[in-house]
Amino acid sequence: MQVTVDVAYKSLNKFTEELCGDKVELLKTADSDIMILADGMGSGVKANILATLTSKILGNMFLNGATLEECVETIVQTLPVCQVRQVAYATFSILQVFHNGDAYLVEFDNPGCIFVRDGRLMEIPSNIRELEGKKINEYRFRVQRGDCFLLMSDGTIHAGVGMILNFGWDWKEIAEYAVKQYRLTVSASRMAAMMVKACDDLYLGRPGDDTTVACMRIIDRKVVNLLTGPPKKAEDDGQMVASFMEGEAKRIVCGGTSANIVSRVLGRKLKPTLDYVDPEIPPIAYIDGLELVTEGVLTLNRAVNLMKRYANDENINEKFFLELDKKNGGSMVAKMLIEDCTDLNLFVGKAINVAHQNPDLPFDLGIRQHLVEQLKVTAEKMGKTVTITYY
Amino acid sequence: MTVTICIGSSCHLKGSREIIQKLQELVCQNHLEEKVDLNGSFCTGNCVKGVCVTVDGELFSLKPEDTETFFEEKVLGRLG
């Protein structure tokens, strides 16, 4: 089995702190994906430095094939010693999933990894080894498609302590909530956002500790083919549509003229709707066998803006996901590309639309290629594999 | 009678949404739901002018403010 993963994380800073004392590193080696979460002792700058050092050292050493013993030894010798407590300390969790399905989990003093399979919570056996005086749990296993893993800092299990809960949210309850969210969410990012949102609610919006959830889901490759723009030469119509229809993929067409071309070449009817879900975005349409048909540049512009927000992690909370769930073309394209896509193939026509070269229009419609370039860069930033073919 | 309004990018920016809303209202007010079929279409390739509206295949070019006159002349007028 060739394993593909979807990874994302979300942090809350302790109330009034500008820096987070938790740090997540997401890495790819030639044959594996690695997710590391470190939680530095204390909060603010000191915790941030401890967590950053720990996660970076672990990441770099793992990348270069060092053993766990070497990593832990290096961390112990490198971390600056806290003047108050006289110890150098950051807790950490590491999850490494190899493309062949082997997995390796290492945990040191963080709340235990939540592991959901087939909608049920899985137990992680205890297998403790002592390294440099630290008790470290190791677990080697095989992953399956659909598996979901959550690494957390202890801000999660302390959520609500002394405020609306006596002893905080205990691990079992968090795990139950995670199992519920596992059924309700598709992507790692939405899962992480929902878990952190629940913690923030328990903290009444004023987190008493840095709180982080990192999520990894084992998924299938999900290919999306997106066609936009008519080819420069009309005789290439057939070739462009044939390539667009090749292979197993979800298919999106963005553009009125493009949709007419696809409809004509395939001999399938194009059915536009008149539903203005959003006044700024023209209604969507349907062609049998295609996932989505929308207008072109206005819709793409909206979709690219949403994707940029996501890729740059600007306020990615449940409000963002509500926006993503809206049924306007822009949100629908963005949602599919963010949550339901690992490989994106773009089929882009370079014809210039005469009607769009009109200075009376309040919006520059001649920007398709520019938008497509931004789409590519943004999707790549999210870790997706992108190809572009121009016609 | 079939009335088709273009909802492509160019017509959208020239106000096809207002025209559609207005036409939907007018059809409703005149109780013509049975007789007039309102449709959308993607770009019909005539976008150099106003918003493209076709009535039983005949092409018209509209601005949102002309919608009522258009409805009276081309829709009510033709239905007789």
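As for the sheet that holds strand E1 (residues 2–6) of chain B
All names here are of chain B.
Turning to step 1, where the next piece is worked out: Here we have four strands laid out as an open sheet, ordered E2-E1-E3-E4, and mixed in their pairing. The outermost strands of the open sheet, each flanked by one partner alone, are strand E2 (37–41) and strand E4 (58–62). On average, each strand axis in the sheet is inclined to that of its neighbour by 25°, with strand direction left out of account.
Turning to step 2, where the next piece is worked out: Two elements, E1 and strand E3 (residues 51–55), share three bridges in a ladder whose sense is antiparallel. Bridge pairing in E3 places Val 3 opposite Val 55.
Turning to step 3, where the next piece is worked out: Sitting on the sheet, helix H2 (residues 16–29) touches E1, E2, E3 and E4, and the angle it makes with E1 is about 160°.
Turning to step 4, where the next piece is worked out: Helix H3 (residues 67–79) rests against E1, E3 and E4 of the sheet, and its axis sits at about 160° to E4.

Points about unusual backbone geometry
Residue and element names in this part refer to chain A.
Turning to step 1, where the next piece is worked out: Non-glycine residue Asp 118 carries a positive phi angle of around 50°.
Turning to step 2, where the next piece is worked out: Topologically, Asp 118 is positioned in the loop between strand E6 (114–117) and strand E7 (120–122).
Turning to step 3, where the next piece is worked out: Given the relative accessible area of 56%, Asp 118 is considered exposed.
Turning to step 4, where the next piece is worked out: Not every positive phi belongs to a glycine, and Leu 204 is a case in point at roughly 55°.
Turning to step 5, where the next piece is worked out: Residue placement: Leu 204 occurs in the loop between helix H4 (188–202) and strand E11 (211–219).

Quick look at helix H9 (residues 329–339) of chain A
All names here are of chain A.
Turning to step 1, where the next piece is worked out: Most of H9 sits inside the fold, with nine of its eleven residues counted as buried.
Turning to step 2, where the next piece is worked out: Every buried residue of H9 is listed here: Gly 329, Gly 330, Ser 331, Val 333, Ala 334, Met 336, Leu 337, Ile 338 and Glu 339.
Turning to step 3, where the next piece is worked out: N-cap assignment for H9: the residue whose side-chain oxygen lies 3.0 Å from the backbone N of Gly 330 is Asn 328.

Let's talk about the pairing of E6 of chain A
All names here are of chain A.
Turning to step 1, where the next piece is worked out: Neither face of E6 is open: one carries Ile 114 and Val 116, the other Phe 115 and Arg 117, and all of them are buried.
Turning to step 2, where the next piece is worked out: The pairing of E6 with strand E10 (residues 148–152) spans three bridges and is antiparallel. Pairing of Phe 115 across the sheet is with Phe 149, part of E10.
Turning to step 3, where the next piece is worked out: Sheet analysis places E6 next to E7, joined by three bridges and oriented antiparallel. Following the sheet pairing, Arg 117 is matched in E7 by Arg 120.
Turning to step 4, where the next piece is worked out: Between E6 and E7, which pair antiparallel and follow one another directly, the connecting turn spans two residues, one of which, Asp 118, has a positive phi of 50°.

Structural notes on the pairing of E1 of chain B
All names here are of chain B.
Turning to step 1, where the next piece is worked out: For E1, a buried count of four out of five residues is recorded, marking the element as mostly surrounded by other parts of the structure.
Turning to step 2, where the next piece is worked out: For E1 and E2, the ladder comprises five bridges, and the chain directions are parallel. Among the inter-strand pairings, Cys 6 is bridged to a residue of E2, identified as Ser 41.

Concerning the nonpolar core
Turning to step 1, where the next piece is worked out: Val 253 and Val 293 of chain A together with Val 3, Ile 5, Leu 23, Leu 38 and Phe 70 of chain B are the most contacted members of the largest nonpolar core, which has 40 residues in total.
Turning to step 2, where the next piece is worked out: Within the residue set of this core, elements represented by two or more residues are helix H5 (237–245), helix H6 (256–266) and strand E15 (285–287) of chain A together with E1, H2, E3, E4 and H3 of chain B.
Turning to step 3, where the next piece is worked out: Considering each element in turn, this core owes the most residues, five residues, to H2 of chain B.
Turning to step 4, where the next piece is worked out: Contacts of Ile 5 of chain B, omitting those with residues within four sequence positions, involve Ser 16, Ile 20, Leu 23, Leu 38, Asn 39, Gly 40, Ser 41, Val 51, Cys 52 and Val 53 of chain B.

About the cut-offs
Residues numbered from 1 in each chain as written. Chains lettered and ligands numbered in written order. Predicted model: local features only at pLDDT ≥ 70, side-chain atom pairs only at ≥ 80, totals over all residues. Heavy atoms only, no water. Pairing = 2+ DSSP bridges. Helix = DSSP H or I, 4+ residues; strand = E, 2+ residues; numbered from the N terminus. Axes fitted to C-alpha atoms, helices over the stretch in contact; angles between N-to-C directions. Contact = heavy atoms within 4.5 Å. Buried < 20%, exposed > 50% of the residue type's maximum accessible area, 1.4 Å probe, protein only. Polar contact = N/O pair within 3.5 Å; in protein donor to acceptor, adjacent residues only side chain to side chain. Core = buried A, V, L, I, M, F, W, Y, C linked by side-chain atoms within 4.5 Å.

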